[in-house]
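Observations on the three-dimensional arrangement
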Amino acid sequence: MLGKANEKETSKKKKKFFTKRNVFIVCMLAYPVCQFLIMWIFVNIDSVLMTFKIWTPAGFEWQGLNNYRMLFDSLAYDKVTQTVILNSLSYAAVNLVILALSVFASFFIYKKVPLSKAFRVIFYLPSILPLVILAFAFTMALDPLYGVVTALLKWAGVENPPVWFGGEPIAQYSIWVFCIWAGLGYNIILLSSAISRIPKDVVDYGKLEGVGYMRELFSLVIPLVWPTFTTITVMALMAPFSVYLQPMFLTKGMHNTKTISFKIFEVTQGGGSGMEYWATFGLFLSLIGAPIILLIRKLMERCFKDVDF
């Protein structure tokens, strides 16, 4: 009797589990969980194991710490590796410049000063277009023969306008300018939405106290949107690990404009030799960069308390 009672309870539990709601939840979670296991867990474990291997005609073979020795030697003596690292780090600085400009532009739009609506369209437009289209438009504008910028320089009296993507270091400078132009819109969207949530009563009280624009920006607006500001700053500092499309589209990596991500992408597309070294390179920089970024985030979160409004 007890056995039959237990069987009935078990069958009831099974029926309760296999309801339409539970089946739907399992089906919806299956794809992201599988994607996480395959594309993140498996890929990253395989990348870590690859740092201890070396490529041979027969495939990858276990090599120990040889890739790490090569890496430290390259960091000390190889100019190509040093240039790649410096190029990658430069994008963190460029993103911080973008962040500073985005703060002022967002505040400019928020205060509804003259031409703010026109600038809203100018700033937002690059953020809704694919990067490849932006890169094509940018290269056409800077074309040494038919570009708009070239025509303006000639009209202004410059006889020999520079070839913007044709040499060092101007090619790298041109990529930085492109990043600033293309990156403003996304940050402005985030900051503008955060600033627009600030209660009007707080702003009106500042006006009664005689607070000027700059004082309002630094003493009122930025502290109130600090969580958004912190998030954008952390994303900006992650640029050295992710930028590769910009130099790929604009210079194809020529004129010493390659980044860490570009080199990793380039080697993986070729396959075979070199993959193990750049896997070691990426892992080493991740182990150094991730704690630094997390520390900066913790320090920034302590600057101002999160305010609900």
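Let me sum up the structure you'll find in this document. (Residues numbered from 1 in each chain as written. Predicted model: local features only at pLDDT ≥ 70, side-chain atom pairs only at ≥ 80, totals over all residues. Heavy atoms only, no water.)

Details of the overall build of the chain
To keep things clear, this is the line we draw: The numbering of helices and of strands both runs from the N terminus, where a helix is a DSSP run of H or I of at least 4 residues and a strand a run of E of at least 2. Each residue's exposure class comes from its accessible area (1.4 Å probe, protein chains only) as a fraction of the maximum for that residue type: buried when under 20%, exposed when over 50%, partly exposed otherwise. We call two residues in contact whenever any of their non-hydrogen atoms come within 4.5 Å of each other.
Check the secondary structure of the chain and you find 14 helices and two strands. Its C-alpha atoms put the chain at 100 × 65 × 35 Å along the principal axes. The buried share among the 309 residues of the chain stands at 34%. Looking at the chain alone, contacts between residues at least 24 apart form 67% of all its contacts between residues at least 6 apart.

A short note on the side chain of Thr81
Note that Thr81 resides in helix 4 (residues 79-110). Among all residues touching Thr81, those that are not within four sequence positions of it are Ser74, Leu75, Tyr277 and Phe281.

Some points on the packing of aromatic side chains
Note the cut-off: Two rings belonging to Phe, Tyr or Trp (six-membered ring only in the last case) form a pair when the distance between their centres is within 6.5 Å. Interplanar angles under 30 degrees mark stacking, angles over 60 mark edge-to-face geometry, and anything in between is tilted.
Counted according to the given criterion, the structure contains 15 aromatic pairs. Here Phe52 and Trp62 contribute two aromatic rings whose centre-to-centre distance is 5.7 Å and whose plane-to-plane angle is 15 degrees, an arrangement assigned as stacked. Here Trp62 lies in strand 2 (residues 59-62) and Phe52 lies in the loop between helix 2 (20-50) and strand 1 (53-56), a separation of ten residues in the sequence. Residue classification places Trp62 among the exposed residues on the basis of a relative accessible area of 57%. Considering the side-chain rings of Phe138 and Trp181, the 5.9 Å spacing of their centres and the 25 degrees angle between planes classify their relative orientation as stacked. One end of the pair, Phe138, is in helix 6 (residues 131-141); the other, Trp181, is in helix 8 (residues 170-196), and 43 residues separate them in sequence. Take Phe138: its relative accessible area is 11%, and that puts it in the buried class. With relative accessibility at 36%, the residue Trp181 sits in the partly exposed group. One aromatic cluster is present, built from ring pairs that chain together Phe138, Phe165, Phe178 and Trp181.

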